[in-house]
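Listed here are the chains, written in short residue letters.
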Amino acid sequence: MNAPVASSHRASRLTQVRARASGNLVLGGLIIVLVALTLGMGALEPLFHALFPELRNPLYARDSFLNLMLAHIGLVLVSSLISVTIGIAAGLFVTRPVGREFEPMVSSLAAIGQTFPPAAVLAIAVPLAGFGFAPTIIALSLYGLLPVIQNTIAGLGTVPQTTLEAARGNGMSRTQILMRVELPLAMRVIIAGIRVSVIINIGTATIGSTVGAKSLGTPLIAGLVGNNLAYVIQGALLVGLLAIVTDLLFERLERRYSFGG
Amino acid sequence: MIELKGLTKRYAGKSVVDDISLTLEDGEFGVLIGPSGCGKSTTLKMINRLIPASGGQILLNGDDVADLPVEQLRRRIGYAIQSTGLFPHWDVARNIATVPQLLKWPKSRIDDRVDELMALFHLDPAEFRGKYPHQLSGGQAQRVGVARALAADPEVLLMDEPFGAVDPLTREVLQAEMKRVHQQTGKTIVFVTHDMDEALSLATRIALLNQGRLVQYDRPIELMVEPADDFVREFIGQADLGLKLLSRRWVHQYQREARLQQTETLDSLHAHGWLIDDQGRPSALAGARLDDADAITRVKPEWIATPEMSMKEALSRMVWYRVMVLPVVDDAGKLIGEVGMQGVMGMQDEPEGALS
Ligand SMILES: Nc1ncnc2c1ncn2[C@@H]1O[C@H](COP(=O)(O)OP(=O)(O)OP(=O)(O)O)[C@@H](O)[C@H]1O
Ligand SMILES: [Mg+2]
């Protein structure tokens, strides 16, 4: 009676292992392509010449792609750090007894923040913070806040009441319950929120170039303004690859925090 | 020892637990029982202060629980609930180790304690230590839940319908295990259920609640033979009260001397007699068959009684195997007496003895 169950179990384990191995391969390949293009876009110059014979300079050369990539990652990293810190703190606050009454207000504030187009947020931020890095960070942080807040609240909400009762009944303090039970159990959903926030910001960070923040958006905007499609492709290719690789990395991180439903 | 003194809980002016006073001595198995919503869980949770009391006092071994730091209090009290409340992100060993870890026991002591508890609940550490709650059956999860509650050797164990969500067969196994664990550990237990059979089989004391009030607090047998009022009588259940009573009475209270005979012929002067082998074990019964009163019947292991067997079980065996008497044997299997259908109607020794 047990044999077929056991063997089908083993089979599903095997396909799982296979899927994971091929997933590794895809991720590894994409990372290599991303690094190679960032460091050696110049090697593709003949290709871009062939594709865009009418352009005199089909390869963006005002800055190295490595510099642009690092600046872009820097923008995303700093703004995401701010979104995550504020977002998780706000999510925690409104799910504690002291902050419960602020929950509707915080949720709708964050939601309103997301309905503004990022360009509009930039337009407001520039007169306040000047040109360059600072207004971009403000816009990105605001923009990435909502998914983190929403998922922090949702993730903490998935922790069953009986689990919390057991934690209290076994003599855990509030902090112990939060650190040992609530956060680990909510982590998968919270990370999913961070994932959305970071991916949105990787895309949105390109707009920072319009107010003078260096990023992978710089060749993109330059290409749009100067009617140079090759620049646009070079910028977009790197932004897209960066987003996909980051997304896959987050997927693996999320998987670590699933505890069999 | 747990003492409740005038314990009261009010929600919006309405008392859901109303002036309950009772004392549970060390080592007793106390059961709180009553209809749904009568305040059982509320009473239980006031003991470990998951719910604050509105009035009255609870003493745990003489200490007022209200005076103790709440986390410290809860680490002195085991708590097991119906849904187990196991932490899904921790394996079995870590779940059981919850309170010892909070108490910062050294790792080797925690490991030893986890193994000891797993052995107590017949869970093979090699197989189960590293399993996660979602990989356990309902019965196994419940065992782990109780093991966790016992981990730091608490002074009392509180259990809120721990076996309410498992199937009837598993429930019986878990009840038997709980009985054994209670005997082995000598823990004072407060156990909530709304299943009267469960209460009668486990309790040494039963507190029957109705609408927040304590209706009767007695030993199980007293609840049955001297119900305080109609509510108690009705709650215990009229239908099989006789059988319930027998489930709290033991073969040794009804045991009679067994008459031995040497030959396999029926001695017509006496209704029946026993043949024994050279080691004194019952081998055959002459007479006393329901269908064939004169037959010689080989004794089968299935219808042998022991002194500790409940009379309900003995009676059940008589009916099922169609014999009017069962041989009673000691640990070595030697015939020491018999228990018969007629005996069920009256006890052999004085009634005081049955009230235990
Ligand atoms: N937070 C609360 N606010 C108001 N009333 C409550 C609250 N908690 C419980 N009650 C009421 O208190 C009464 C007792 O509840 P309790 O949970 O102790 O019942 P119980 O005997 O455990 O019932 P069950 O067998 O269904 O578990 C119920 O009538 C319930 O509606
Ligand atoms: Mg209840």
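Residue indices begin from 1 for each chain and proceed along its sequence in written order. Just so you know, chain letters begin at A and ligand numbers begin at 1, following the order they were written in. At least 70 in pLDDT is required for a residue's local features to be given in this predicted model, at least 80 for side-chain atom pairs to be given and counted, and no such filter applies to totals for whole chains, interfaces and linings, which use all residues. To get the side-chain values, all heavy atoms of the structure are used, and hydrogens and water are removed first.

You'll find chain B entered in an unreviewed UniProt entry as ABC transporter ATP-binding protein, with Salinicola rhizosphaerae given as the organism. UniProt positions are given in the numbering used here, feature names are shortened, and annotations may be inferred rather than shown by experiment. Comment text from UniProt for chain B, heading Sequence similarities (unreviewed entry), reads "Belongs to the ABC transporter superfamily."

Naming follows an unreviewed UniProt entry, where chain A appears as Osmoprotectant uptake system permease of Salinicola rhizosphaerae.

### Side note on the overall build of chain A
Along its length, chain A carries 10 helices and zero strands. The way it works is that DSSP assigns letters per residue, a run of H or I at least four long becomes a helix, a run of E at least two long becomes a strand, and they are numbered from the N terminus. Going from the N terminus to the C terminus, chain A shows its helices and strands as α-α-α-α-α-α-α-α-α-α. For chain A, the spread of C-alpha atoms along the principal axes amounts to about 75 × 60 × 25 Å. Think of it in three bands: residues with accessible area under 20% of the maximum for their type are buried, residues over 50% are exposed, and the middle band is partly exposed, with areas taken using a 1.4 Å probe on protein chains only. Across the 261 residues of chain A, 44% fall into the buried class. In chain A, the proportion of contacts linking residues at least 24 apart, taken out of those at least 6 apart, comes to 77%. Every accessible area reported is derived by Shrake-Rupley at a probe size of 1.4 Å, with residue values counting cover from the shown protein chains alone. Within the structure as shown, chain A displays about 13,600 Å² of accessible surface, and the carbon and sulfur contribution to it stands at 69%. Any two residues having at least one pair of non-hydrogen atoms within 4.5 Å are treated as being in contact.

### Brief notes about the packing of helix α7 (residues 161–169) of chain A against helix α8 (residues 174–204) of chain A
All names here are of chain A. Helix axes are fitted only over the stretch in contact, all axes being lines through C-alpha atoms; the angle between N-to-C directions runs from 0 to 180 degrees. Running from N to C, α7 and α8 point in directions that differ by 165°, and their axes come no closer than 11 Å. The angle between α7 and α8 falls in the class roughly antiparallel. Classified by chirality, the crossing of α8 by α7 is right-handed. Note on element contacts: α8 touches α7 through Ile177, Val181, Glu182 and Leu185, opposite Thr163, Leu164, Ala167 and Arg168. For the contact of α7 with α8, the residue count by class is five nonpolar, one polar and two charged. Should an angle fall under 35 degrees it is taken as roughly parallel, and over 145 as roughly antiparallel, whereas 65 to 115 is taken as roughly perpendicular and any remaining angle as oblique. Helix crossings fall into two classes, left-handed where the near helix is turned counterclockwise from the far one by less than a right angle and right-handed where it is turned clockwise. Residue type decides the class: Asp, Glu, Lys and Arg count as charged, Ala, Val, Leu, Ile, Met, Phe, Trp, Tyr, Cys and Pro as nonpolar, and the leftover types, Gly among them, as polar.

### Some details on the UniProt feature "domain: ABC transmembrane type-1" (unreviewed entry) in chain A
Mapped onto this numbering, the UniProt entry gives "domain: ABC transmembrane type-1" (unreviewed entry) at residues 69–250 of chain A. Helix makes up 81% of residues 69–250 of chain A and strand 0%, whereas the separation of the span's terminal C-alpha atoms amounts to 19 Å.

### Let's talk about the side chain of B:Arg74
Positionally, B:Arg74 belongs in helix α2 (residues 70–75). Positive charges come from Lys and Arg alone, negative charges from Asp and Glu alone, with His and the N- and C-terminal ends not counted. Counted as salt bridges are all cases of a side-chain nitrogen of Lys or Arg within 4 Å of a carboxyl oxygen of Asp or Glu. One buried charged side chain, B:Arg74, makes no salt bridge at all; its nearest oppositely charged neighbour is B:Glu71, positioned 5.1 Å away. By the criterion applied in these results, polar contacts are pairs of N or O atoms within 3.5 Å in which, for protein atoms, one can donate a hydrogen and the other can accept it, and in which residues neighboring in sequence qualify only through two side-chain atoms. Here B:Asn48 takes part through its backbone oxygen, which lies 2.9 Å from a polar atom of the side chain of B:Arg74. Excluding residues that lie within four positions of it along the chain, B:Arg74 makes contacts with A:Arg168, A:Gly169, A:Asn170, A:Gly171, B:Asn48, B:Arg49 and B:Leu50.

### Overview of the sheet that holds strand β5 (residues 63–64) of chain B
Residues and elements named next belong to chain B. For two strands to be treated as a pair, DSSP must find no fewer than two bridges joining them. Spatially, β2-β1-β4-β5 is the arrangement adopted by the four strands of the open sheet, whose pairing is antiparallel. If you trace the sheet from one side to the other, it starts and ends with β2 (14–24) and β5, each paired once. Pairing between strand β1 (residues 2–11) and β2: seven bridges, direction antiparallel. Counted as the bridge partner of Lys9 is Val17 from β2.

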